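Next come the chains, spelled out residue by residue.
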Amino acid sequence: PCPSTDPNIFNSLLNLFSCFIEKYRDGKAIEKNELEILYTSIIPIFLYCLIWSIGITTNDVGRKKISEYLLPIEKEIIKNNYENIFSEERSEELSNLFIPISESQGSNANVYDFLFDMKEGKWVNFATYLQNPTIDSKANYTEIIIPTVDSIRYTHIIKNLLLNNRHLIVTG
(Lines give C-alpha, C1' and ligand atoms only; values in the text may rest on other atoms or scores of the structure.)
Protein backbone atom coordinates (compact mmCIF):
# COMPACT_ATOMS: atom_id res chain seq x y z
CA PRO A 1 0.00 0.00 0.00
CA CYS A 2 1.01 3.56 -0.68
CA PRO A 3 1.04 6.03 2.22
CA SER A 4 -1.51 8.78 1.64
CA THR A 5 -3.85 11.12 3.46
CA ASP A 6 -7.62 10.75 3.39
CA PRO A 7 -8.39 14.36 2.36
CA ASN A 8 -5.98 14.13 -0.59
CA ILE A 9 -7.40 10.81 -1.75
CA PHE A 10 -10.93 12.19 -1.55
CA ASN A 11 -9.80 15.28 -3.45
CA SER A 12 -8.36 12.98 -6.14
CA LEU A 13 -11.73 11.26 -6.40
CA LEU A 14 -13.52 14.60 -6.84
CA ASN A 15 -10.96 15.87 -9.37
CA LEU A 16 -11.29 12.77 -11.50
CA PHE A 17 -15.08 12.78 -11.21
CA SER A 18 -15.28 16.46 -12.17
CA CYS A 19 -13.46 15.69 -15.43
CA PHE A 20 -16.44 13.64 -16.58
CA ILE A 21 -19.01 16.29 -15.74
CA GLU A 22 -17.01 19.38 -16.69
CA LYS A 23 -18.94 19.97 -19.89
CA TYR A 24 -22.17 20.26 -17.91
CA ARG A 25 -20.88 23.06 -15.68
CA ASP A 26 -21.16 25.91 -18.20
CA GLY A 27 -24.82 26.54 -17.41
CA LYS A 28 -26.12 25.69 -20.88
CA ALA A 29 -29.29 23.64 -21.24
CA ILE A 30 -28.73 19.91 -21.51
CA GLU A 31 -30.66 18.01 -24.19
CA LYS A 32 -32.89 15.19 -22.98
CA ASN A 33 -30.82 12.40 -24.55
CA GLU A 34 -27.62 13.89 -23.10
CA LEU A 35 -29.28 14.10 -19.69
CA GLU A 36 -30.22 10.42 -19.90
CA ILE A 37 -26.64 9.52 -20.82
CA LEU A 38 -25.38 11.47 -17.82
CA TYR A 39 -28.00 9.94 -15.52
CA THR A 40 -27.26 6.36 -16.57
CA SER A 41 -23.50 6.93 -16.53
CA ILE A 42 -23.16 8.63 -13.16
CA ILE A 43 -22.77 5.46 -11.06
CA PRO A 44 -20.28 3.75 -13.41
CA ILE A 45 -18.34 7.02 -13.61
CA PHE A 46 -18.25 7.29 -9.83
CA LEU A 47 -17.07 3.68 -9.55
CA TYR A 48 -14.34 4.31 -12.12
CA CYS A 49 -13.20 7.39 -10.19
CA LEU A 50 -13.34 5.49 -6.90
CA ILE A 51 -11.17 2.72 -8.35
CA TRP A 52 -8.60 5.14 -9.80
CA SER A 53 -8.37 7.43 -6.77
CA ILE A 54 -8.99 5.62 -3.50
CA GLY A 55 -8.39 2.17 -4.97
CA ILE A 56 -5.11 3.08 -6.61
CA THR A 57 -3.28 3.46 -3.30
CA THR A 58 -2.89 -0.29 -2.87
CA ASN A 59 -0.76 -3.11 -4.29
CA ASP A 60 -1.75 -6.16 -6.39
CA VAL A 61 -3.13 -8.05 -3.39
CA GLY A 62 -5.20 -5.02 -2.39
CA ARG A 63 -6.42 -4.53 -5.96
CA LYS A 64 -7.80 -8.05 -5.97
CA LYS A 65 -9.55 -7.44 -2.64
CA ILE A 66 -11.03 -4.14 -3.83
CA SER A 67 -12.20 -5.80 -7.04
CA GLU A 68 -13.83 -8.67 -5.13
CA TYR A 69 -15.49 -6.18 -2.78
CA LEU A 70 -16.76 -3.76 -5.44
CA LEU A 71 -18.20 -6.15 -8.03
CA PRO A 72 -21.19 -7.43 -6.02
CA ILE A 73 -21.91 -3.94 -4.68
CA GLU A 74 -21.70 -2.48 -8.18
CA LYS A 75 -24.22 -5.00 -9.50
CA GLU A 76 -26.67 -4.31 -6.68
CA ILE A 77 -26.39 -0.52 -6.94
CA ILE A 78 -26.85 -0.50 -10.71
CA LYS A 79 -29.79 -2.89 -10.62
CA ASN A 80 -31.49 -0.90 -7.85
CA ASN A 81 -31.02 2.43 -9.62
CA TYR A 82 -31.42 1.61 -13.30
CA GLU A 83 -33.41 -1.58 -13.75
CA ASN A 84 -36.72 0.30 -13.72
CA ILE A 85 -35.71 2.69 -16.53
CA PHE A 86 -34.42 0.07 -18.97
CA SER A 87 -37.12 -1.92 -20.72
CA GLU A 88 -36.59 -5.48 -21.99
CA GLU A 89 -35.51 -4.23 -25.41
CA ARG A 90 -32.86 -2.06 -23.70
CA SER A 91 -31.46 -4.84 -21.50
CA GLU A 92 -28.13 -4.72 -23.36
CA GLU A 93 -27.75 -1.06 -22.38
CA LEU A 94 -28.30 -2.04 -18.75
CA SER A 95 -25.78 -4.89 -18.96
CA ASN A 96 -23.19 -2.46 -20.42
CA LEU A 97 -23.24 -0.58 -17.11
CA PHE A 98 -21.75 -3.57 -15.27
CA ILE A 99 -17.98 -4.05 -15.21
CA PRO A 100 -17.62 -7.01 -17.61
CA ILE A 101 -15.31 -9.30 -15.68
CA SER A 102 -15.76 -12.93 -16.62
CA GLU A 103 -14.04 -16.17 -15.67
CA SER A 104 -12.74 -16.46 -19.23
CA GLN A 105 -10.46 -13.49 -18.52
CA GLY A 106 -8.62 -15.47 -15.85
CA SER A 107 -8.22 -15.10 -12.13
CA ASN A 108 -6.11 -11.94 -12.45
CA ALA A 109 -8.84 -9.91 -14.16
CA ASN A 110 -10.15 -7.12 -11.96
CA VAL A 111 -11.89 -3.74 -11.97
CA TYR A 112 -8.59 -2.01 -12.77
CA ASP A 113 -8.66 -3.53 -16.26
CA PHE A 114 -11.57 -1.35 -17.40
CA LEU A 115 -12.54 2.25 -18.03
CA PHE A 116 -16.04 3.57 -18.41
CA ASP A 117 -16.59 5.10 -21.86
CA MET A 118 -19.39 7.61 -21.39
CA LYS A 119 -19.92 8.09 -25.13
CA GLU A 120 -20.40 4.35 -25.66
CA GLY A 121 -22.22 3.90 -22.36
CA LYS A 122 -20.17 0.85 -21.42
CA TRP A 123 -17.04 -0.42 -19.74
CA VAL A 124 -14.10 -1.01 -22.06
CA ASN A 125 -11.02 -3.08 -21.34
CA PHE A 126 -7.88 -0.94 -21.43
CA ALA A 127 -6.22 -3.74 -23.43
CA THR A 128 -8.44 -2.93 -26.43
CA TYR A 129 -6.38 0.24 -26.89
CA LEU A 130 -3.13 -1.69 -27.26
CA GLN A 131 -1.68 -1.49 -30.75
CA ASN A 132 1.42 -3.03 -32.25
CA PRO A 133 3.87 -0.16 -32.41
CA THR A 134 5.70 0.70 -35.58
CA ILE A 135 9.39 0.81 -34.75
CA ASP A 136 11.84 2.56 -37.02
CA SER A 137 14.69 0.16 -37.73
CA LYS A 138 17.14 3.05 -37.30
CA ALA A 139 15.78 4.10 -33.90
CA ASN A 140 18.08 3.92 -30.91
CA TYR A 141 17.05 1.60 -28.12
CA THR A 142 16.40 4.58 -25.83
CA GLU A 143 13.95 6.09 -28.36
CA ILE A 144 11.65 3.06 -28.45
CA ILE A 145 8.52 3.08 -26.34
CA ILE A 146 6.36 -0.02 -26.27
CA PRO A 147 2.84 0.68 -24.98
CA THR A 148 1.58 -1.59 -22.22
CA VAL A 149 -1.80 -1.85 -20.53
CA ASP A 150 -0.33 0.08 -17.59
CA SER A 151 1.00 2.88 -19.79
CA ILE A 152 -2.39 3.11 -21.50
CA ARG A 153 -4.19 3.24 -18.13
CA TYR A 154 -2.04 6.02 -16.77
CA THR A 155 -1.95 7.95 -20.04
CA HIS A 156 -5.75 7.90 -20.15
CA ILE A 157 -6.07 9.18 -16.58
CA ILE A 158 -3.35 11.82 -16.92
CA LYS A 159 -4.75 13.05 -20.24
CA ASN A 160 -8.26 13.29 -18.76
CA LEU A 161 -7.00 15.31 -15.79
CA LEU A 162 -4.77 17.63 -17.82
CA LEU A 163 -7.39 18.34 -20.49
CA ASN A 164 -9.72 19.42 -17.69
CA ASN A 165 -7.13 21.68 -16.04
CA ARG A 166 -6.63 19.52 -12.96
CA HIS A 167 -3.30 19.63 -11.19
CA LEU A 168 -1.51 16.37 -10.59
CA ILE A 169 1.79 14.93 -9.47
CA VAL A 170 2.99 11.71 -11.03
CA THR A 171 5.73 9.79 -9.29
CA GLY A 172 7.49 6.58 -10.14
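All of these numbers come straight from a predicted model, not from anything done at the bench. (Residues numbered from 1 in each chain as written. Predicted model: local features only at pLDDT ≥ 70, side-chain atom pairs only at ≥ 80, totals over all residues. Heavy atoms only, no water.)

Enquirer: Describe the side chain of Asn164, and please don't skip the residues or the numbers.
Expert: Mapped onto the elements of the fold, Asn164 is located in the segment after helix H5 (149-163). A distance of 2.8 Å separates a polar atom in the side chain of Asn164 from the backbone oxygen of Asn160. When residues no more than four places from it in sequence are discounted, the contact partners of Asn164 are Cys19 and Glu22. (Helix = DSSP H or I, 4+ residues; strand = E, 2+ residues; numbered from the N terminus. Polar contact = N/O pair within 3.5 Å; in protein donor to acceptor, adjacent residues only side chain to side chain. Contact = heavy atoms within 4.5 Å.)

Enquirer: Break down the side chain of Ser41 for me, citing the residues and quoting the values.
Expert: On the secondary structure map, Ser41 appears in helix H2 (residues 32-51). Ignoring any residue separated from it by four or fewer positions in sequence, one finds Ser41 in contact with Tyr82, Phe116 and Met118.

Enquirer: Kindly report on helix H1 (residues 6-21), identifying the contributing residues and their values.
Expert: In this model, H1 (16 residues) spans 23 Å end to end at C-alpha, consistent with the 22 Å of a helix rising 1.5 Å per residue. Along H1, the residues classified as buried are Ile9, Leu13, Leu16, Phe17, Ser18, Cys19 and Phe20. In this fold, the buried residues of H1 make contact with H2, strand S1 (114-117) and H5. (Expected span 1.5 Å × (residues − 1). Buried < 20%, exposed > 50% of the residue type's maximum accessible area, 1.4 Å probe, protein only.)

Enquirer: Explain the packing of H2 against helix H3 (residues 60-82) to me, and be specific about the residues and the numbers.
Expert: The contact between H2 and H3 brings their axes to 10 Å, and the two run at 165°. Of the possible angle classes, the one that applies to H2 and H3 is roughly antiparallel. Relative to H3, H2 is oriented so that their crossing is right-handed. Contacts from Tyr39, Thr40, Ser41, Ile42, Ile43, Pro44, Leu47, Leu50 and Ile51 of H2 reach H3 at Leu70, Glu74, Ile77, Ile78, Asn81 and Tyr82. Its residues placed into classes, the contact of H2 with H3 shows 11 nonpolar, 3 polar and 1 charged. (Axes fitted to C-alpha atoms, helices over the stretch in contact; angles between N-to-C directions. Parallel < 35°, antiparallel > 145°, perpendicular 65-115°, else oblique. Left-handed = near helix turned anticlockwise from the far one by under 90°. Nonpolar A, V, L, I, M, F, W, Y, C, P; charged D, E, K, R; others polar.)

Enquirer: Let's hear about the nonpolar core: which residues, and what values?
Expert: In terms of nonpolar packing, the biggest core is built from 35 residues, with Tyr48, Cys49 and Trp52 touching the most fellow members. Only H1, H2, H3, S1 and H5 provide two or more residues apiece to this core. Top contributing element to this core by residue count: H2, with 8 residues. With residues near it in sequence (within four places) discarded, Cys49 still touches Leu13, Leu16, Phe17, Phe20 and Ile54. (Core = buried A, V, L, I, M, F, W, Y, C linked by side-chain atoms within 4.5 Å.)

Enquirer: Before we move on, can you summarise the packing of H1 against H5 with the specific residues and values?
Expert: Packing of H1 against H5 leaves a shortest axis separation of 9 Å and a crossing angle of 70°. Taken together, the axes of H1 and H5 are roughly perpendicular relative to one another. Every residue of H5 that contacts H1 at Asn15, Leu16, Cys19 and Phe20 is listed here: Ile157, Asn160 and Leu161. Looking at the contact of H1 with H5 residue by residue, the class counts come to 5 nonpolar, 2 polar and no charged.

Enquirer: Give a detailed account of a nonpolar patch on the surface, specifying residues and quantitative values.
Expert: Side chains of Ile135, Ile144 and Ile146 sit close together on the surface and give an oily, nonpolar patch of about 240 Å² of accessible area. Summarising the element assignment, Ile135 is placed in the loop between strand S2 (122-125) and H5. (Patch = residues over 30% accessible without salt bridge, like charges linked within 9 Å, V, L, I, M, F, W, Y side chains within 5 Å. Areas by Shrake-Rupley, 256 points an atom, 1.4 Å probe, with all protein chains shown as cover. Salt bridge = Lys/Arg side-chain N within 4 Å of Asp/Glu carboxyl O.)

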